[in-house]
Amino acid sequence: MTREPRFGALAADARWQAAWEAADSFATTDRGDKPKAYILEMFPYPSGRIHMGHVRNYAMGDVLARFKRMTGHDVLHPMGWDAFGMPAENAAMEKGVHPGGWTRDNIAAMRAQLKRLGLAIDWSRELATCEPDYYGQEQALFLDLFAAGLVTRKESYVNWDPVDMTVLANEQVIDGRGWRSGALVEKKKLSQWFLKITDFADELLEGLSSLDKWPDKVRLMQENWIGKSQGLEFSFRLAGGAPGFDVFTTRPDTLYGASFAAISPDHPLAERLAKDSPELAAFIAECRRQGTSAEQLETAEKLGFDTGLSVEHPLDPALHLPVWVVNYVLMDYGTGAIFGCPAHDQRDLDFARKYELPVHRVIADGDEVAQHFTGDEAWTGPGRLVNSHFLDGMSIDEAKAAVIARAEHEGWGKGTTVWRLRDWGVSRQRYWGTPIPFIHCPACGLVPVPKDQLPVVLPEDADFSVPGNPLDRHPTWKHVACPTCGGAAVRETDTLDTFVDSSWYFLRFASAPSDRPFDPEVIRRWLPVDQYIGGIEHAILHLLYARFWTRALNKLGMIDIKEPFASLFTQGMVTHETYSRTASREERVGDVTHRHAYEEFLTPEQVDLETKSRDGKNWPPANSVGVSISTTFDPAKVIKKGDVFIFPNVAASGEGVDIGRVIKMSKSKKNVVDPDAILDQYGADAVRWFMLSDSPPERDLPWSEAGIEGAWRFVQRLWRLFGDTEKTGEGGEDKALARKLHQTIAGVAADVEALGFNKAVAKIHALANEVEKAAPSATRAEACRTLILLVAPMLPHLAEEAWAALPDSQRTTAMIADAAWPAADPALLVEDEVTIAIQVAGKLRDTMTLAKGIDRDAAEAAALARPRIAELLGGGAPKKVIVVPDRLVNIVP
RNA sequence: GCGGACGUGGCGAAAUCGGUAGACGCAGCAGACUUAAAAUCUGCUAUCCAUCUGGGUGUGCGGGUUCGAGUCCCGCCGUCCGCACCA
C-alpha cells in the first residue's frame, strides 16, 4: 500500500473507530491474574452538546486507560449519563417536549460526539440514570438505607428556590442563591426526606486522612465543610430558678468573661416571648428579612433586643446575665443560643460596644491583665487565664478542660462535639428524577413500596405547562392501593436529588445485574476506582455524597470498601480570551428614546487578530478584507506583546476590538469553541494532543487557534517520521539516540502514570527532534517504530495508521490497540558521560564532560586543572571545594 | 473576617532530593526551497553591556539560612479559589 504524504486524519478517525468497534477492542477484560485498573471520568450531564471541558476530561482518562491496557492491566473504562435533572424539565416547559425524549436525544447526540474522539471505552456498560433499570435499583438501595435507619422524614425549614419551585440542599445554596437558578432562596417549612449523613460525620472526616492520593485542596474543603467543633454544651437557668435554655461554646475557658446571653431570633424562647411583645415580634421579622449574601454579611450591623429576662451564671449563680435576642446567632448551628464574651470574641465585642454592655478580660494579652477591657479589637490570641477565680493562671486548654470537668461533675453541662454538616435533604418536588418508593396510607402510615413492586416508574403522560410538581398533579399516578392493608393510599410524589444518582453509578458500571443493584463479588474485584478524574466544582457536593453512600453500603454489609475513589484528580478548565466592543442600543420609554452603551461580546470567529512585529513593514496594516486599519482602527486597542503588536478587529469591518480576560468558556461571554467544528477540521488526534500539551492538567488550559494548529503540524510531522521505519541507511547502532529513546520510554511512562501529560508530550517532542536530526541507522529506524507505540495512548488513530503500514514482521499484534508498551532497557537509561558544572563562589564559570561515577578527588582535580578556573583563582589555593558527584564542583576561593 | 493555592521570558510552561534557570511548545525574526503562495526545512530568540571570546543582572518585593536558593525560613505585595455572623 502506498503511503500518503499527509496523514488523512478524518478518514483515519472513521476507519479505526469502526475497526475498534468491530473487534470489540475495549471490552473490559478480567483475566484474574492481571492487575486491574478502574479508570473513571465523572459522567456527563446530557445537555445536548459536548464542550471542550469534556474533551479535556475524557482525553486525559483515555490516555491513562490506553496506557494501562498497554502495560498489561485489566482495564475498566466505562461511560454513562447523569441523566435526571432540571434542564430536561425546563426544556419540557419551554418547548413542549417530553423530558425523556429530550434527554435521550441529547444522549444519542453526545454519544456520537464522544465516539468521534476515539475513546477506549467499553460502551457495553453504558448506563443512563433516567432509565428504570438504573433508578429502580436506586430505589431498592434507598429502601435498604431506610431499613437501616439512615433515611428519615423531618418537618423542617428548607431552602426553597422560588424559580425552580423546589427544595435545595445546603450544599446547593451559594451566597444565599440557588446553585442553578441564581434566585434568592427562601426559608419554608416542609416535611422532607433526609439521608443521615451526619451519622457518618466523624467517619467522613477521619477517612480523609486515608485519601493520600486526593488533592490536599479537596480534602481541606471537605474537612471545613464537615466542620467539627469541640466544646461545652450547658444550660442557663433563668434568674429565679426556672429552666432556661442550652448554649454551646468552643471557649468554656472564657466563661467568667460572660456579660450577656444571646439567643437566635428563630429560637423557640424568642418566638414564645414575641407572642406577648409586638416590639420583639417586629424585631424578629426584621432579622428574617436580612439577606445572607456575602456583601450583606460584610456590612450587616449587629442588632439586638433586650428581653428583660436574665439568667444565672453557672459558676456563680449570684451573678445575673441579661438575655438578648440578636441577629447574629443562627438557629441551625449549635443550640441557637450563646453566652457573649466580648473581650475575646469580635462579634460579641461589636455588639457589647453598641449596646454598652460590660467587657471583662479573662485571657491575659501579654502583660495586660486588667479586667476592664479597652479598645474595639477582641483578644483571640493565646494567654493565661486572669480574673477567673479557680481558673487563674491556667492555659486556655487547661481551663477548657477544667470548666468542662466541673460542669459534668455538677451536672449543668457536658463536653460535646458540634458539626457544621447537616443531614442531606434529598426531596425534590420535581418530575424528572427517581421517584421515592414510599406510599402514604391513612391507615398504616408511611409504607415502603415492597421490593417486588419496584421499580416505581415515572408516568409518561405528565403535564409541564405550569410550574410545580407534575407528579403531584398527575390525575392517576399517585393513587394506589396500600401494599399493607389494600386500602386507598397515595404515592410519595417527591423525587430524589440527582446527586443520589451519581452517588453509586461507579458501582453499577462494575456490575449491573438485572435483579439487584450489583454483585458484591464483582465489586470486590473492581472497586475502588483507581483513578477518578473530574472538575474541582464537585469537591464537596458529589464527592462527599459518594463517600457517604459508599460508607452507608459498607455499614449495611453490602460492600467491603469504605472509600469509593482511591485516587482523585481534579482537572483545570478550558479557557479562552474574550472579545468585546462597546455597542449601543435604543430603548423607547414613553415617547423618549434612550441610547444605552453596553459591552457586546464577540465570538472568536468574528474577530481578526492582526499581528505585526515592531519593524513594521506592514505598518499600518490592512486587515483581511483589505480595509485599511489606519482609518478605522482605534489605536488605543493595540496590544503590545513583546516585540509584537496585535490589532484585534471585527473581521467584517476592521473596527477595533477589546481583548478581555482569559476565562472559562461560556455561552454568555461568547468565547466558546465547539469541539465538533475542530474535529471536522483537524481530526481527533490533534485535538487530543492539544488538550494534553503545554498546561499541567490541574491548571487551566487556554484554548488558542495557534495551539491547535501546532498540534496538527506535529501530528503531520510524526506521520512523516513514521515513514522512516525501514530506513536504516549504512549506519548500525547509534548509541546516543538509543539512550535518548530508552530514557524517553521510561520518562513518558512515568509521566503518564503521574498524569503529567504535558511533560510526556514535551519528552516526545524532544525525542522526535533528535530522531529527525539523526543520520539514518538501524537505531533510528527502531526509534521511529517505537515512537508509534509511545504516542499510541495519545494519538490512537495516527498510531493505528502507522502501525498498519509496518510490515507484519515488525508488528506484534494486528492492531496497536492490543500492543504492549515498549520495554526500556535499564542499561541505556544511564549516561556514561556527564556534564559537570564548575562554580567559583557559587557562580557558574565553566563546564566539563567526565565519565559518570568519577570519584570526588578526580572531579575536583579536573575542575582545578581547567585553564579558566586556574585563571580565576589567580594561583591561590581554594579555601574549600564542594563536590556533588556527577553534578557540579563548587570552588570557594 | 477565616482557610488555602499560586506568582518563572511576549505567551503556555520545565527544572522530580537545595546543585548548570528557561527543557518542550506557541508567537516572532532571519534564511533556504518555490514563478508565487501554502507546506516543509535551517538558524536565532530572558535582559543589559561588550560584539563573535566574555561580563553584569534575572524566578512578584524586602530580609535570612547555606559553599550554593525558583526550591527552605520570616515579613510584605498581588492574583485566584473555598467557607463565611459556625459561638
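Going by the structure above, here's the rest.
Residue numbers here run from 1 along each chain, matching the order of that chain's written sequence. For this description, chains carry letters from A and ligands carry numbers from 1, given in the order in which they are written. Residue-level local features of this predicted model are given only where pLDDT is at least 70; pairs of side-chain atoms are given and counted only at 80 or more, and the full residue set underlies all totals for whole chains, interfaces and linings. Excluded from the side-chain calculation are hydrogens and water; included are all heavy atoms of the structure.

(A) The overall build of chain A, seen in detail. Secondary structure elements follow DSSP: runs of H or I no shorter than four residues count as helices, runs of E no shorter than two count as strands, and numbering proceeds from the N terminus. When helices and strands are tallied, chain A shows 26 helices and 37 strands. Taken along its principal axes, the extent of the C-alpha atoms in chain A is 105 × 85 × 75 Å. Exposure classes here rest on a 1.4 Å probe applied to the protein chains alone. A residue is buried below 20% of its type maximum, exposed above 50%, and partly exposed in between. Expressed as a percentage of the 893 residues in chain A, the buried residues total 51%. Taking as baseline every contact in chain A between residues at least 6 positions apart, the subset at least 24 positions apart corresponds to 69%. Here, Shrake-Rupley sampling with a 1.4 Å probe gives the accessible areas, and only protein chains in the shown set may cover a residue. Per element, the accessible surface of chain A, about 40000 Å² overall, is 52% carbon and sulfur. Charge assignment in this entry is limited to Lys and Arg as positive and Asp and Glu as negative, and neither His nor the chain termini are counted. Every charge is mapped onto a representative atom, which is NZ of Lys, CZ of Arg, CG of Asp or CD of Glu. Once the 99 positive and 125 negative side-chain charges of chain A are each reduced to a mean point, those two points are 3 Å apart. By definition in these notes, contact holds between two residues if any of their heavy atoms fall within 4.5 Å.

(B) Representation of helix α23 (residues 778–791). In this scheme, a helix's expected span is set at 1.5 Å multiplied by one less than its residue total. Across its 14 residues, α23 extends 20 Å between first and last C-alpha, which sits within 8% of the 20 Å expected from 1.5 Å per residue. Against the buried residues of α23 lie α2 (52–70), α20 (705–721), α21 (735–753), α22 (757–773) and α24 (796–804).

(C) The arrangement of the sheet that holds strand β24 (residues 495–496) in detail. For two strands to be treated as a pair, DSSP must find at least two bridges joining them. Pairing in this open sheet of 3 strands is antiparallel, and the strands run β18-β24-β19 from one edge to the other. The open sheet has two edge strands, β18 (427–428) and β19 (434–435), and neither has a second partner. Two elements, β19 and β24, share 2 bridges in a ladder whose sense is antiparallel. Following the sheet pairing, T434 is matched in β24 by L496.

(D) Quick look at the pairing of strand β10 (residues 228–237). Sheet topology places β10 next to strand β16 (residues 413–419); 7 bridges connect them, and they run antiparallel. In the sheet register, F234 faces β16, and the bridge partner there is G413. Sheet analysis places β10 next to strand β11 (residues 243–249), joined by 6 bridges and oriented antiparallel. Considered in β11, the bridge of E233 is made with F248. Taking the residues that link successive antiparallel strands as the turn, the β10-β11 hairpin has 5 residues, and the phi of G240 there is positive, at about 105°.

(E) Representation of the nonpolar core within the structure. In this description, a nonpolar core means a group of buried Ala, Val, Leu, Ile, Met, Phe, Trp, Tyr and Cys residues linked to one another through side-chain atoms lying within 4.5 Å. L195, W424, F506, L527, W549 and W703 are the most contacted members of the largest nonpolar core, which totals 179 residues. Those residues in contact with L527 that lie beyond four places of it in its chain are K36, Y38, F506, L507, A510, I561 and P564. In terms of nonpolar packing, the next biggest core, distinct from the first, is built from 37 residues, L255, L269, V311 and I404 among them.

(F) Spotlight on the pattern of salt bridges. Put simply, a salt bridge is a Lys or Arg side-chain nitrogen that is within 4 Å of an Asp or Glu carboxyl oxygen. Within the structure shown, the criterion is met by 51 salt bridges. Ionic pairing is found between R516 and D515, a salt bridge with its closest N-O pair at 3.7 Å. Several salt bridges share partner residues, and in doing so they unite R49, R116, D674, D676 and D680 into one network.

(G) Structural context of α20. Given a rise of 1.5 Å per residue, 17 residues ought to cover 24 Å, and the 25 Å separating the end C-alpha atoms of α20 matches this to within 8%. What α20 keeps buried is the set G707, I708, A711, W712, F714, V715, Q716, L718, W719 and L721. Where α20 is buried, its residues meet α1 (9–23), α19 (675–692), α22, α23 and α24.

(H) Highlighting the environment of R585. Its place among the elements puts R585 in strand β27 (residues 574–589). On the basis of relative accessible area, R585 is assigned to the partly exposed category, the value being 44%. Sequence separation between R585 and R595 is 10 residues, and the spatial gap between their C-alpha atoms is 5.6 Å.

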